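Listed here are the chains, written in short residue letters.
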Amino acid sequence: SVSAFLLNRSSDLLVDITIYFEQEGNNTEFESKKVEKVAGVLEYEVAIRKVGPHQLHILYKEQEVLTVNGGEKLPIFTILPGPCRADNNKHFDITPLKDVQKYDDAYFTFQCYDIYGNIIDHGGEEFTVTASVLFNDNEYPVNTAEVVDNGDGTYKVQFIPEVEGL
């Protein structure tokens, strides 16, 4: 979330202030809470869920009052994805497990997303992988041999199954 403070040095009320964010020419959806804590100071608490650069626009009485470098449109800030989540089947590619036999090298890959569904396109996430093999309605834990960070938000989990089945 982002907090913005606007100071009003005149006697005008701050009710005519509007803020919005723009990304690649489109308005960005966001949640905000506006609070005038003391006379003349307005605070916005903003939550943006879409990753990437965003241009902040502040309007007073429908006129743009924020300019950067003489009106040049620059991203004011960039939203980065949150921590990795890979907790549902659409995040996993288990195709390589199709014909794996007991004691064969096996692996699967998964793509990280943040809590808002933004794809994570870089490596370096820290997490724990827990895997198991299901055979005849029994679940057997798998000791993962290695987790390979592909550097692009995908990870390869390599292991050797010690029982048959998937």
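Please refer to the structure placed before this passage.
Help me understand the nonpolar core in this model?
The tendency in soluble globular proteins is for nonpolar side chains to be buried as a group. Core analysis: the biggest nonpolar cluster contains 14 residues, and Leu97, Phe108, Phe110, Cys112 and Phe159 have the highest contact counts within it. Of all the secondary-structure elements, those providing two or more residues to this core are strand S10 (106-111), strand S11 (131-135) and strand S14 (154-159). Judged by nonpolar contacts, the second largest core, of ten residues, contains Ile17, Phe21, Ile48 and Ile58.

Whenever I open this one, the packing of aromatic side chains confuses me. Can you help?
Under the defined criterion, the tally for this structure stands at two aromatic pairs. Relative to Tyr155, the ring of Phe110 has its centre 5.6 Å away and its plane inclined at 20 degrees; by these criteria the two rings are stacked. Separated by 45 residues along the polypeptide, Phe110 in strand S10 and Tyr155 in strand S14 bring together distant segments of the chain. You can call Phe110 buried: its relative accessible area is 6%. When its relative accessible area of 2% is taken as the criterion, Tyr155 is described as buried. For the cation-ring pair, Lys156 lies above Tyr107, with the distance from its terminal atom to the ring centre recorded as 4.3 Å.

Explain the pairing of S10 to me, please; I cannot follow it from the model alone.
Within a regular beta strand, the side chains point alternately toward one face of the sheet and then the other, so they alternate between its two faces. Both strand S9 (residues 92-93) and S10 contribute to a ladder of two bridges, which runs antiparallel. Opposite Asp93, over in S10, you have Thr109 as the bridge partner.

I tried to follow unusual backbone geometry on my own but got confused; where do I start?
Peptide bonds are trans in most cases, and residues, glycine excluded, mostly fall at negative phi. Backbone geometry at Tyr103 places phi at a positive 70 degrees, although glycine is not the residue there. Tracing the backbone shows Tyr103 in the loop between S9 and S10.

Thresholds, definitions, all that
Counting starts from 1 at the beginning of each chain's written sequence and moves along it residue by residue. Per-residue local features of the predicted model are confined to residues with pLDDT of at least 70, and side-chain atom pairs are confined, for both listing and counting, to 80 or more; whole-chain, interface and lining totals are unaffected and use all residues. Side-chain numbers come from the whole structure's heavy atoms, not from hydrogens or water. By nonpolar core we mean a set of buried residues, namely Ala, Val, Leu, Ile, Met, Phe, Trp, Tyr and Cys, connected to one another through side-chain atoms within 4.5 Å. Buried means the residue's accessible area, taken with a 1.4 Å probe over protein chains only, is under 20% of the maximum for its type, while exposed means over 50%, and partly exposed covers the values in between. Put simply, DSSP H or I for four residues or longer makes a helix, DSSP E for two residues or longer makes a strand, and each gets a number counted from the N terminus. Between the rings of Phe, Tyr and Trp (Trp by its six-membered ring), a pair exists once the centres lie within 6.5 Å; its type follows the angle of the planes, with under 30 degrees stacked, over 60 edge-to-face, and the other angles tilted. Lysine NZ or arginine CZ positioned within 6 Å of the ring centre and within 35 degrees of the ring normal marks a charge as sitting over the ring. Strand pairing is defined by DSSP finding a minimum of two bridges between the two strands.

The values are spatial; any link to function lies outside them.
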